[in-house]
Amino acid sequence: MFFARFALSLQSQNTKMAQRKYASGNELIKGLVILADFVIMNLLLFIAARYFKELYPSYLRVAPRIAFIMANISMVISQSTIGIIIHRRRATLDEVFIQVMKLCGLQSAIMFLCVRIIGDSGGMFKFMVIFTIVEIFVIACSRIVERAIIRVSRQAGRNTRSVIFIGNDPAILMLYRNLISDSSTGYKVLGYYANEMMENCPQTIKYLGSIDDFNQMAEGYSAPSYDDNTDTNKLKELRISKIDEVFCSLSHDENKEIVQIMKFCDKNIIHFYYVPRMEGNFMLNLQPEQLGETMVFTNHYEPLSLPFNQFVKRTFDIIMSLIVCIIMLPFLPIIAYLIKRQSPGPLFFKQERTGLNGKTFICLKFRSMHVNNQSDTLQATEDDPRKFPLGNFLRKTNLDEFPQFYNVLKGDMSIVGPRPHMLTHTEQYGKIIDKYMVRHFSRPGITGYAQVSGSRGETKELWQMEERIQKDIWYIENWSFWLDIKIILKTALTIFIPDKKAY
């Protein structure tokens, strides 16, 4: 009994040591980045105190040590609360920037409140606003440099993660492209096991054998021990090198095999991930929901089904739409005059489109084409003769969409969401694309994720519409307030840098 307990204790210690070794590279990166944040913040405070005394609050000039102590304490709290994500392999650049904004915003707010409580805060608000903007900019720039350093380091073979795939589902290929698309993630794909080879598989993915071959490999596999001087060359005796992560995409009919793979991963401190299989062009991504004491799975998880998220999105829509409508009022007579001068007819183009839950509504736009009888059936093309010069400009800069802020106020639309389609397109594509109607679980938007990620313009081929639908559904299932802000900012850029597909 004693020896059994001793063996279990030793195994637990080895597991913890291996886990620490697994995370050590990322923890080192995280620690260095946090240290750099503190250096940047203190350096900015020093520069402000030394060279911008007219902006520096009087209290901080009298008690400079207090200023630095409060700043560092607030940064400690912010790092503990918000943290950093640049060391994470799947963190996108957009997510990193948003995290920087949260981090600097919280740090400045805490510092401001602390100074306001203990002393005279005269001039503090103005200083902190300027300091926060500068801090966000500088730390964001440092993140770009840090990310580049991480990328170079991982390309050189440091801090990498070796992965294998199990299964031959098309979802594996999609995952593979995502893993290798950004070299900063540091993933090294060793190959895949499957009973049949994948179709259209790139030569860069090595076929390692069947599922039985994997099981044989698993029987002789052991993760390297980190508590002794084990010769890593012994790993060469195995069929593949050390595995860090396993991505499995087998059928649920093979649940025994999946459980066996999970046990193998747990035993050898390997991270296991199940990749939802694909049917046609869509991934069978089931999300868990709790109904009483029973766990059920739904094929669509909608964050906007939660009342709080609905409130946040609708409140933002109303406030922003009111601001835009008020700003646009003085320009309406000018736009109306220019449109009517170039093309006789109404100022607004009105069209029935499919909205939330499949209901029809009247969508408004500034008219950008001559009055014609094909507007409800024919998409605009690049050299469409129906467009007049000002209308072409309005379309390229998205200014023709501004009347839809009135649709947002009415509740027919949201600022961000899947773009509303013509009724003929809803009828046509609803019959031939399986999940086309899923996009109507959300209010349609003036702009959307598909539009800012390359899926815009005329859909000449069916795959173009299928790609757009996939992105619409992804937005619905991954909605967040920050995602909406990112889409709005990208859309705003098209006013100054027109999208080539905007016609």
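Report on the accompanying structure. (Residues numbered from 1 in each chain as written. Predicted model: local features only at pLDDT ≥ 70, side-chain atom pairs only at ≥ 80, totals over all residues. Heavy atoms only, no water.)

1. Here we look at helix 7 (residues 211-220)
Quick reminder of the rule: Exposure classes here rest on a 1.4 Å probe applied to the protein chains alone. A residue is buried below 20% of its type maximum, exposed above 50%, and partly exposed in between. Only runs of H or I of at least four residues qualify as helices and only runs of E of at least two qualify as strands under DSSP, and these elements are numbered from the N terminus. The directions from the helix axis to the C-beta atoms are what the arc is built from. Two residues form a contact once any of their heavy atoms are found within 4.5 Å.
Turning to helix 7, its buried residues number three or more, namely Ile211, Phe214, Met217 and Ala218. The arc that holds the buried residues of helix 7, viewed along the axis, is 115°, so those residues lie on one side. Exposed residues pointing more than 90 degrees away from the buried face of helix 7 are listed as Asp212, Gln216 and Glu219. Structurally, helix 7 contributes buried residues whose contacts are with strand 1 (161-166), strand 2 (187-193), strand 3 (207-209) and helix 8 (255-267).

2. Focus: the nonpolar core
One recurring pattern in soluble globular proteins is that nonpolar side chains are buried together. To be explicit about the condition: By nonpolar core we mean a set of buried residues, namely Ala, Val, Leu, Ile, Met, Phe, Trp, Tyr and Cys, connected to one another through side-chain atoms within 4.5 Å.
Judged by nonpolar contacts, the single largest core of 25 residues is most densely connected at Ile335, Ile339, Leu347, Phe366, Met413, Ile415 and Tyr475. Those elements that provide at least two residues to this core are helix 9 (307-328), helix 10 (332-342), strand 11 (360-366), helix 11 (389-396), helix 12 (404-410), strand 12 (414-416), helix 15 (462-477) and helix 16 (481-496). Beyond its immediate stretch of four places on either side in the chain, isoleucine 335 contacts Met328, Leu347 and Phe366. Within the second largest apolar cluster, 24 residues are counted, among which are Ala48, Tyr56, Phe131 and Ile139.

3. Structural notes on a nonpolar patch on the surface
Short version of the rule: Here the term patch refers to residues with relative accessible area over 30% and no salt bridge, with like charges joined within 9 Å and nonpolar side chains (Val, Leu, Ile, Met, Phe, Trp, Tyr) within 5 Å. Working definition of accessibility: Shrake-Rupley area with a 1.4 Å probe, residue cover restricted to the visible protein chains. By definition, a salt bridge exists where a carboxyl oxygen of Asp or Glu is found within 4 Å of a side-chain nitrogen of Lys or Arg.
A cluster of nonpolar residues, Ile319, Met320, Ile323, Ile327, Phe331, Ile334, Tyr337 and Leu338, forms a patch on the protein surface that exposes about 740 Å² of accessible area. Elements with a minimum of two residues in the nonpolar patch: helix 9 and helix 10. Broken down by element, the residue count for the nonpolar patch peaks at 4 residues, all from helix 9. Position of isoleucine 319 among the secondary structure elements: in helix 9. Overall, isoleucine 319 belongs to the partly exposed group, its relative accessible area being 48%.

4. Quick look at the sheet that holds strand 3
The cut-off we apply is this: Strands pair, by our definition, only if DSSP identifies at least two bridges between them. Note on geometry: axes are C-alpha line fits, over the in-contact stretch for helices, and angles between N-to-C directions span 0 to 180 degrees.
Judged by pairing direction, the sheet is parallel, and its 5 strands sit side by side in the order 3-2-1-4-5 without closing on themselves. Of all strands in the sheet, those bounded by a partner on one side alone are strand 3 and strand 5 (271-274). In this sheet, neighbouring strand axes are inclined to one another by 25° on average, regardless of whether the strands run parallel or antiparallel. Against the sheet, helix 8 engages strand 1, strand 4 (245-248) and strand 5, with an angle of about 155° to strand 5.

5. Observations regarding the pattern of salt bridges
All told, the structure shown has 11 salt bridges when counted by the stated rule. Between aspartate 484 and lysine 313 there is a salt bridge, with the nearest N and O atoms lying 2.7 Å from each other. With a gap of 171 residues between them, aspartate 484 in helix 16 and lysine 313 in helix 9 connect regions that are remote in the sequence. Aspartate 484 gets classed as buried once you look at its relative accessible area, which sits at 4%. Take lysine 313: its relative accessible area is 7%, and that puts it in the buried class. Within the structure, one salt-bridge network assembled from shared partners comprises Lys365, Asp400, Glu401 and Arg419.

6. Here's the deal with the pairing of strand 1
Burial analysis of strand 1 places 6 of its 6 residues in the buried class, which makes it a mostly covered element. Along strand 1, one buried face is formed by Arg161, Val163 and Phe165 and the opposite face, lined by Ser162, Ile164 and Ile166, is buried too. For strand 1 and strand 2, the ladder comprises 6 bridges, and the chain directions are parallel. Residue phenylalanine 165 lies in a different strand from strand 2, and its bridge partner there is tyrosine 192. Note that strand 1 and strand 4 share 4 bridges and pair parallel. Bridged to phenylalanine 165 within strand 4 is phenylalanine 247.

7. Some details on the packing of helix 7 against helix 8
Which entries qualify depends on this criterion: Here the word oblique covers every angle except those under 35 degrees (roughly parallel), over 145 (roughly antiparallel) and from 65 to 115 (roughly perpendicular). If you view the pair so one helix is near and one far, a crossing is left-handed when the near helix is turned anticlockwise from the far one by less than a right angle, and right-handed when it is turned clockwise. When residue character is reported, Ala, Val, Leu, Ile, Met, Phe, Trp, Tyr, Cys and Pro are called nonpolar, Asp, Glu, Lys and Arg charged, and the others, Gly included, polar.
Helix 8 packs onto helix 7 with a crossing angle of 30° between their chain directions and a minimal axis gap of 11 Å. Judged by the inter-axis angle, helix 7 sits roughly parallel to helix 8. Of the two possible hands of crossing, helix 7 and helix 8 adopt the one that is left-handed. Along its contact with helix 7, which presents Ile211, Phe214, Asn215, Met217 and Ala218, the element helix 8 presents Glu257, Ile261 and Phe264. Among the residues forming the contact of helix 7 with helix 8, the class breakdown is 6 nonpolar, 1 polar and 1 charged.

Structural measurements only, silent on function.
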